[in-house]
Structures are given as C-alpha cells and as structure tokens.
Amino acid sequence: MKLVYLDNAASTKISARVVEKMMESYSENYGNPSSTHKLGQKARATVEKTRNLIAGYLGVEGKEIIFTSGGAEGNNLIIRGALNAYDYKGKHIITSKIEHSTVLKTCQQLEREGYEVTYIDVDENGVVNLEQLKNSIRKDTVIVSIMYANNETGVKQPIKEIGKMLENTSIMFHTDAVQAMCKEIIFPKDLKIDAVTVAAHKFYGPKGAGFVYLDKNFLIEKEIWGGSQERNRRAGTENVQGILGMGTAIEEAYENIHEIETREEKIQEYLEKRIKNEIENIKINGEKSPRLKTITNLYIKGCDIQTLLIALDLRGICVSGGSACMSGAHEDSHVLKEMGLSSEELGSSFRISIGKDTTIEEIDYFVDNLKEIVKIERGK
Ligand SMILES: *Cc1c(COP(=O)(O)O)cnc(C)c1O
C-alpha cells in the first residue's frame, strides 16, 4: 500500500547521510569519551567537534551547548535547573497556555512543589499576549519560557519582542525551539534568548538526541547527578553516535535551509489552496499568524477527527490529531482550546505536517482521499 507520511511534527525520517555516518561510527568509535586512552580520545573528539559545529551554526560558544536526550529532557533541565540554581531569587515562572506538554506539565508539577506559575493567554490566532506577559513580570520571576513555534498550529511566537522585553533583567528567557530548529536560522544572541531546547528527531536526525543552549552568563543545577559530563550539568556517558547524527542532520539542513523553506512553502500553499477550493466549511487554525511552512492545522466541519484519522490511516496516510504525545487519549487540544475553538471545532480539527521530501503527488493523494472521506462522513 502507498504510504504518505504527513506527521513530520511528531518525528521525521532519519536522513540517509545521518544513518551512514552513525553506522560507520558505531562500529569503530566505541570508546567512552571520558576515557583517556586513544579510543576515548577519539570519541571525545567526535563529541567536541560536533559541539563546536552546532555552536557555530547558532553563533554561540561550544561551552554553551549541553547535550541531552531530546526535547522533554531539555525543557525539564532548563526550567527545573534554573529554578534550583536561582532559588534565592524566587519561585515564580512565566510560561504560556499553549506550550508543549513537556513544559506545561513540568510547570504544573512545579506548582504542586510550591512554585508559582503565570500562564499567559493567546489570542484567537494563537499568539501570546505580550502586554499580559509584560505585566506578569515580578521581582521574584526566575524564568520566562515561551515556545518559538507551536507544534500543533505552527504559529510562531513574538520571540524577538520578548527577548527585548527581558534583555536588561536577570530573568532567564528560555524558548522551546524543537519545531523551529533547522527550519529557520536562529541566532539566540541576536534574539536575546538565554536558553534554547532542541531535539534531533524533528529535523531528520536520530531519536533520543538533543541539546540545550545556555548562555554562559546563566547557571542551571543538574537534573541527572553522578558524573561530571557536560561541564557538570548533565551526568551520563555522552550519546556519541546520537550527537554525531544530530550534528550531521544540522549540517545537512543548513546547507539548503532557504531552498528547503521555499520548497515547503510552495507545498504548503498548494495543500491549503486545494483544500480551500475543494472542501467546503473548513478553516485553517492560526492561519492569520506567521506560521512554520511545515504545519497546517485544519478544522473540517461535521467530521469526527478520530474517525477521520482512522479512515486516512486505512488509506496509508499518517497524520495526527494534535500533538503525538496526546494521541490515544481522546483529549481535546489545549492549544486550540486556548485559541477559543468551540467543542465541536475541537473535535473536528487535526494536524498535517509536511517535510522536506513531501511531494505534490503525495499532497494530491492526501487531498483526493480526504475529500472522499469527508463526503462519506458528512453524508452520514
Ligand atoms: C516533539 C517536541 C518536544 C519533545 O521532544 P522529544 O525529543 O520528543 O522529547 C518538545 N517540544 C516541542 C515543541 C515538540 O514539538
């Protein structure tokens, strides 16, 4: 059966170049980077070379990169790590209501542990309220965590403005850039971002590898204790091949970053145009906002999303309800809810996320099938 993968925001297909590099390395570069002998040094060299490569693309220093296992760990490490490092400053956190669950649920748990969290609203276009954010800043605010681009709608947040707002304060500005990394060039220092979370599997790298950027003027307490790796900020033997694969994926993405974005933009425009022209009573959630070219969140009136996703899956089309982390649990999307969608709209919205290799033919196959399914659903 034909397989059309339109769930790239959940994870991407690892690139052939990345696999090749990793495989080669797995069989010969097996030393522990902390060992002092030849093979240890070889592994250390791979890790440090990749660290500097990544730092170069972000315009930061190697020592400002901390390797992790991905997005969830990165978000936990920065938020909890900052609160523990700056507990003398206070216990207040500012975040938004549309964060990924790895930020949101961490904050909810922190509230149970005695921290205070302010959750900033978004407007109907999915953009955080800057005025409210500004008014929420307090003397005891330790960290502001606002995502770079939302994983369900693709809506980009006013990161530059927030960076400016916090520039001359001692508050750490963290952004979850898991969706945006490698889709556009991000220079944290220009944007006055102090901490960034990244995960390799969202840009054709391996799963279970990621990093955080942390400005050298800020501290975090470690979350995983026992080893002095990553300048004593994250214990554990480095995932040498995961790190190498991630570096290779970044290198590959940056070689053609603008061409890929232009291509994805064309595919997205084609997809949305066909849907608008050929299916009645639909809406693109967050359409009016600046969005990533890879994510389209679609409301289809009169279609139960669970039924629709199953019908698409039977035809070999992989898409998601909202975020992959919630699939299975028939929970409404908190992101769309905060944008003011009605309960009927919430039950009839889903995410299509294209990738660098998505073709017009695949979009045609998807839209043709979607049209048929919608017709059947609405006819019931
Ligand atoms: C996927 C994702 C995460 C989680 O990353 P993992 O590597 O799967 O832990 C965090 N934030 C956003 C915005 C994501 O899209």
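Residues numbered from 1 in each chain as written. Predicted model: local features only at pLDDT ≥ 70, side-chain atom pairs only at ≥ 80, totals over all residues. Heavy atoms only, no water.

A separate point is the side chain of Ser289. Positionally, Ser289 belongs in the loop between strand E9 (282-284) and strand E10 (295-300). A relative accessible area of 9% places Ser289 in the buried class. (Helix = DSSP H or I, 4+ residues; strand = E, 2+ residues; numbered from the N terminus. Buried < 20%, exposed > 50% of the residue type's maximum accessible area, 1.4 Å probe, protein only.)

Around the ligand, a shell composed of 14 residues is seen, among which Gly71, Ala72, Asp176, Gln179 and Lys202 lie nearest. At a separation of 2.9 Å, an oxygen atom of the ligand approaches a polar backbone atom of Gly71. Its free accessible area being 380 Å², the ligand has 86% of it covered by the protein chains. For the shell around the ligand, the element with the most residues is helix H3 (residues 71-85), which contributes three residues. Partitioned by chemical class, the residues of the shell around the ligand number four nonpolar, eight polar and two charged. (Near = heavy atom within 4 Å. Polar contact = N/O pair within 3.5 Å; in protein donor to acceptor, adjacent residues only side chain to side chain. Areas by Shrake-Rupley, 256 points an atom, 1.4 Å probe, with all protein chains shown as cover. Nonpolar A, V, L, I, M, F, W, Y, C, P; charged D, E, K, R; others polar.)

This next bit is on the packing of helix H10 (residues 305-314) against helix H13 (residues 360-379). Their axes nearest at 10 Å, the elements H10 and H13 cross at an angle of 135°. By the angle between their directions, the pair H10 and H13 is classed as oblique. Classified by chirality, the crossing of H13 by H10 is right-handed. Touching Thr307, Leu308, Ala311 and Leu312 of H10 are Phe366, Leu370, Ile373, Val374 and Glu377, all from H13. (Axes fitted to C-alpha atoms, helices over the stretch in contact; angles between N-to-C directions. Parallel < 35°, antiparallel > 145°, perpendicular 65-115°, else oblique. Left-handed = near helix turned anticlockwise from the far one by under 90°. Contact = heavy atoms within 4.5 Å.)

Moving on to a nonpolar patch on the surface. Nonpolar side chains collect at one region of the surface, where Ile14, Val19, Met23 and Tyr26 lie side by side and expose about 350 Å² of accessible area between them. Counting through the fold element by element, Ile14 comes out in the loop between strand E1 (4-5) and helix H1 (16-28). (Patch = residues over 30% accessible without salt bridge, like charges linked within 9 Å, V, L, I, M, F, W, Y side chains within 5 Å. Salt bridge = Lys/Arg side-chain N within 4 Å of Asp/Glu carboxyl O.)

It is worth spelling out the pattern of salt bridges at this point. Oppositely charged side chains can form a pair if their charged atoms are brought close together. Scanning the model with the defined rule gives 28 salt bridges in all. Note that Asp357 and Lys356 form a salt bridge whose closest N and O atoms lie 3.7 Å from each other. Accessibility expressed as a relative area gives 55% for Asp357, which makes it exposed. Look at the salt bridges and you will find they share partners, linking Arg44, Glu48, Arg51, Glu230 and Glu238 into a network.

Attention now moves to the nonpolar core. Grouped together as the largest cluster of nonpolar side chains are 57 residues, with contacts concentrated most on Ile65, Val144, Met181, Phe203, Phe211 and Ile250. Only H1, helix H2 (38-58), strand E2 (65-68), helix H6 (159-166), strand E7 (195-199), strand E8 (210-214), helix H8 (240-255) and helix H11 (334-338) provide two or more residues apiece to this core. Looking at which domains feed residues into this core, each of domain 1 (4-12 + 257-379) and domain 2 (16-255) supplies at least three. When sequence neighbours within four positions are dropped, the list of residues in contact with Ile65 reads Arg51, Ile54, Ala55, Leu58, Val60, Phe211, Val212, Tyr213, Glu230 and Arg233. (Core = buried A, V, L, I, M, F, W, Y, C linked by side-chain atoms within 4.5 Å. Domains from an automatic or database assignment.)

Right, let's get into the domain arrangement of the protein. Here the protein is partitioned into domain 1 (4-12 + 257-379) and domain 2 (16-255). Taken over C-alpha atoms, the centre of domain 1 sits 28 Å from the centre of domain 2. Contact residues are listed per partner, giving 32 residues for domain 1 and 36 residues for domain 2. Interface area, domain 1 with domain 2, both sides summed: about 2,800 Å², of which 55% is carbon and sulfur. (Buried area = accessible area lost by both parts, 1.4 Å probe.)

What follows concerns the sheet that holds E9. Reading across from one edge, E9-E10-E12 is the order of the three strands in this open sheet, with antiparallel pairing throughout. Among the strands making up the open sheet, the edge pair consists of E9 and strand E12 (349-353). Strand-to-strand, the axes of this sheet are offset by a mean angle of 30°, without reference to chain direction. Examined bridge by bridge, E9 and E10 share three bridges and lie antiparallel to one another. Note on E10: the bridge partner recorded for Ile284 is Leu298. (Pairing = 2+ DSSP bridges.)

Taking 1.5 Å as the rise per residue, helix H9 (residues 257-278) with 22 residues should run 32 Å; its terminal C-alpha atoms sit 31 Å apart, in good agreement. Turning to H9, its buried residues are Ile257, Glu264, Ile267, Gln268, Leu271, Glu272, Arg274 and Ile275. Each buried residue of H9 lies within a common arc of 160° when the element is viewed along its axis, so the set occupies one face. Opposite the packed face of H9, turned more than 90 degrees from it, sit the exposed residues His258, Glu259, Lys266, Lys273 and Asn277. Residues of H9 that are buried sit in contact with H8, E9, E10, E12 and H13. (Expected span 1.5 Å × (residues − 1). Arc of directions from axis to C-beta.)

This part covers the sheet that holds strand E4 (residues 116-120). In spatial order, the strands read E2-E8-E7-E6-E5-E3-E4; together these seven strands make up an open sheet with mixed pairing. Edge positions in the sheet fall to E2 and E4, since each of these pairs with one other strand and no more. Looking at each pair of strands side by side, their axes are set apart by 20° on average, direction ignored. Alignment of strand E5 (residues 141-145) against strand E6 (residues 172-176), held across three bridges, turns out to be parallel. Bridged to Val144 within E6 is Phe173.

Glancing now at the packing of aromatic side chains. For the coordinates displayed, the defined rule picks out three aromatic pairs. Between Tyr86 and Phe218, the ring centres sit 6.4 Å apart and the planes meet at 75°, which makes this aromatic pair edge-to-face. Of the two residues, Tyr86 sits in the loop between H3 and strand E3 (92-96) while Phe218 sits in the loop between E8 and helix H7 (229-232), which places them 132 residues apart along the sequence. Relative accessible area serves as the criterion here: at 9%, Tyr86 is assigned to the buried category. On the basis of relative accessible area, Phe218 is assigned to the buried category, the value being 14%. Clustering of aromatic rings is evident, with ring pairs tying together Tyr86, Tyr88 and Phe218. Across from the ring centre of Trp225, 4.4 Å away, lies the NZ or CZ of Lys222, which sits over that ring. (Phe/Tyr/Trp six-rings, centres within 6.5 Å; stacked < 30°, edge-to-face > 60°. Lys NZ or Arg CZ within 6 Å of the ring centre and 35° of its normal.)

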